[in-house]
Structure formats: structure tokens, C-alpha cells
Amino acid sequence: IQWFPGHMTKARRQIEDKLKLIDVVIELLDARIPLSSRNPMVDEILKGKPRMVLLNKHDLADPVVTAEWVRYFADQGLQALPIDAASGTQVKEILPRAKALWAHKIESQLRKGINPRAIRALIVGIPNVGKSTLINQLAGKKIAATGDKPGVTKGQQWIKVGTEMDLLDTPGILWPKFEDQMVGLRLAATGAIKEEILHLDEVAFFSIKYMVQHYGTALQERFGIAEMPDDLDDPNQIVSVMEAIGRKRGAIVSGGKVDLDKASLIIIRDLRAGKLGRISLEKPTDY
Ligand code: GTP
């Protein structure tokens, strides 16, 4: 999706319509880039609805960094739970957390002698963060359309998650941040925005630079890189690493030179698929 102000207003109105039906909001973020995958207006849009944060795709993220993010959100009074919606890891933890958020209402209903109804929940997040995958996991069967291209979520009904939770079958789609070039690079590196929007070589350059800084040893060992950059601000040194990876992965043109476009594509694909290891591209201390 290309987001324009009109689309944002429409997306916001759609979520606000759904919120009227909802007790608890499940905010889905990408564990590798929690703040960059967060909608800039989410607090304003959700207007104090009880909410939990899920850090999805934790299987691809650095567990040490994810633990730092959990503390970061806890400091803000938000419970964040790392999950892997694709395999279902930790998905069972969602219902108890939703119940805890809604416990005061359940108790007051019980006090009044009313049988508490199922908690009504809505999943919100930016495109490609895994909303449909999570809905399918919670539903226990395939309902929502999933795909690895942004913008495939369709259809509106309640899905029963056991007897205690009803989930809206269509998630709330939020737009990502755009104003910051670094945010754009992180979103592109993880696949949240389409490649066409940013140059692949820039995205690969950014990713390698971040990895040299934070995952240098792993990168060096994996690709047998003889010399790692000693100056992160020297672009030539970063490009040398990209070339070393390209050489190792066969991105060579005639004359033995490295095809940097091809190397960039390989780097991005390997990174997104987790083949470079579990890598986070954003830390609380980056801010
Ligand atoms: P839109 O329909 O564009 O709004 O996307 P969405 O948020 O519904 O995302 P979707 O569920 O379609 O997932 C996007 C891609 O991420 C798919 O290829 C999923 O298989 C993948 N995915 C979702 N959750 C996980 C996860 O926890 N780990 C990994 N590795 N991949 C995941």
C-alpha cells in the first residue's frame, strides 16, 4: 500500500468504528523493530482502550534485544509479549493476558450477578506484521487471507477463541511512520514496505552497517570476512563487507567483480528469512 493522508484518515475511521465493539486491543509489532513498526498515532487512535503489545516474529529477532524491549514497554506501563504467530509460540499466553486486562469488568459483572460475556478483542498493526497469521493461530484454523505481500487482509465477523474470547476476524490496519529515513530503512529491511519504495542497495547497506556494529563476529565467521571495518562512517568499508558476502554467495559478474545489486538482494533475502541469524535492527538504546 502507498499511504496518503486520505488512506490514513480512512484507516483511522475504520479502527475507531471497530473500537466501539471492543474490550481489549492487541497491538502487534515486529519484534525486530518494535518502534519503527509502531504507528505514530496509535495512542491517540486507541484512546485509552485496555491494550497489550505483542512482539511478533520473535523467531527472527535477537532474544537479548527483545528482552530489552519488553522492559522498555513495561516502563511505559505496557505488557509486551514476544510471540511467533507463524509457529504459534506463546500464542496461548494471549488469552490470560486479555483476561487480566479485563478482570475488573469481569469482577464487577460477577458482583452484579451477571454472567460475564466473552472478551471482545481486536488485533491492530501495520501491513505485513503478521495480523492474519495471528488471527489464524488464535482461531485454530485458516480463516483470514495471509500472504507475504503487504495489504492482503480482507473480509467481518467474530471468531471464537475458546469460550472466553471473541476476536474480530478483520484486523485494524495501521500505517507505519514515514517521516524518518532510518525508520523507512528498517521497515524495508524487514519486508514491511515494498522494495520498490527504497533502493535495495541502500537497504542492504543500512542492514550490513547495523550488523557490523551489533553482530560483527557472527557476520565475520559466517562469511569468512578477513577484515572487518574499523570505521563505521567509512562507506567503502561497509561496501567491502557487502562485496565479501556477495563473493561468498556467488554474486559475481564476468571478470570476477561482485555484482552489488545481486549481493544486496541476497543480503536482504537472507536477513528476512533469518538465514543470517536472529537479528534485531533496533534497540531501545538507539533512542
Ligand atoms: P496485511 O494483510 O498486509 O496487513 O499483513 P498481515 O499483518 O496480516 O501479515 P500476514 O499475517 O499476512 O503475515 C505476513 C508475513 O509474515 C507472512 O509471510 C507470514 O508467514 C509471516 N509471519 C507472520 N508471523 C510470523 C512469525 O511470527 N515469524 C515469521 N518468521 N514469519 C511470520
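Residues numbered from 1 in each chain as written. Predicted model: local features only at pLDDT ≥ 70, side-chain atom pairs only at ≥ 80, totals over all residues. Heavy atoms only, no water.

Student: Account for empty space enclosed by the protein, with residues named and values stated.
Tutor: Roughly 60 Å³ of internal volume is contained in the largest cavity. Every residue along the wall of the largest cavity is listed here: R32, L60, A189, T190, L271, G274, G277, I279 and L281. Among the residues forming the lining of the largest cavity, the class breakdown is five nonpolar, three polar and one charged. The computed volume of the second largest cavity comes to approximately 40 Å³. Lining the second largest cavity we find D30, S37, K57, I126, P127, N128, V129, T190, G191 and A192. When grouped by side-chain class, the residues that make up the lining of the second largest cavity number four nonpolar, four polar and two charged. (1 Å grid on protein atoms, 1.4 Å probe; cavity = no way out; pocket = protein on both sides within 12 Å on 5 of 7 lines; lining within 4 Å. Points joined across faces, edges and corners; volume = space filled by probe spheres on them. Nonpolar A, V, L, I, M, F, W, Y, C, P; charged D, E, K, R; others polar.)

Student: An account of helix α9 (residues 235-248) is requested, with residue identities and associated values reported.
Tutor: With 14 residues, α9 should reach 20 Å at 1.5 Å per residue; the first-to-last C-alpha distance of 20 Å fits that figure. Here α9 has its buried residues at I238, V241, M242, A244, I245 and G246. Looking at the buried residues of α9, the elements they touch are α8 (200-223) and α10 (260-272). If you check the start of α9, you find a side-chain oxygen 3.0 Å away from the backbone N of N236, and it comes from D234. One or two residues past the end of α9 sits G250, with phi positive at roughly 80°. (Helix = DSSP H or I, 4+ residues; strand = E, 2+ residues; numbered from the N terminus. Expected span 1.5 Å × (residues − 1). Buried < 20%, exposed > 50% of the residue type's maximum accessible area, 1.4 Å probe, protein only. Contact = heavy atoms within 4.5 Å. Polar contact = N/O pair within 3.5 Å; in protein donor to acceptor, adjacent residues only side chain to side chain.)

Student: Describe the packing of helix α7 (residues 181-190) against α8, and please don't skip the residues or the numbers.
Tutor: Contact geometry for α7 and α8: axes closest at 9 Å, N-to-C directions at 95°. On the basis of their axis angle, the class for α7 and α8 is roughly perpendicular. Counted together, Q181, M182, L185, R186, A188 and A189 of α7 and E202, V203, F206 and S207 of α8 form the full contact between these two elements. Each residue belonging to the contact of α7 with α8 can be placed in one class, and the counts come to six nonpolar, two polar and two charged. (Axes fitted to C-alpha atoms, helices over the stretch in contact; angles between N-to-C directions. Parallel < 35°, antiparallel > 145°, perpendicular 65-115°, else oblique.)

Student: How would you explain the pattern of salt bridges if you had to name every residue and give the values?
Tutor: Enumeration over the complete set of coordinates arrives at 14 salt bridges. Note that K47 and E16 form a salt bridge whose closest N and O atoms lie 3.1 Å from each other. With K47 in the loop between α2 (42-46) and β2 (51-56) and E16 in helix α1 (residues 5-19), this residue pair connects regions lying 31 residues apart in the sequence. Its relative accessible area of 57% is what places K47 among the exposed residues. On the basis of relative accessibility, which here comes to 23%, the residue E16 falls in the partly exposed class. Across the pair K160 and D166 runs a salt bridge, and its minimum N-O distance is 2.9 Å. One salt-bridge network, in which partners are shared between bridges, spans R12, E16, E44 and K47. (Salt bridge = Lys/Arg side-chain N within 4 Å of Asp/Glu carboxyl O.)

Student: I'd like a description of the pairing of strand β5 (residues 158-161), backed by residues and values.
Tutor: Burial of the side chains of β5 is restricted to one face: I159 and V161 are buried, whereas none of W158 and K160 on the reverse face is. Hairpin connection from β5 to strand β6 (residues 165-168): three residues lie between these consecutive antiparallel strands, with G162 at a positive phi of about 65°. (Pairing = 2+ DSSP bridges.)

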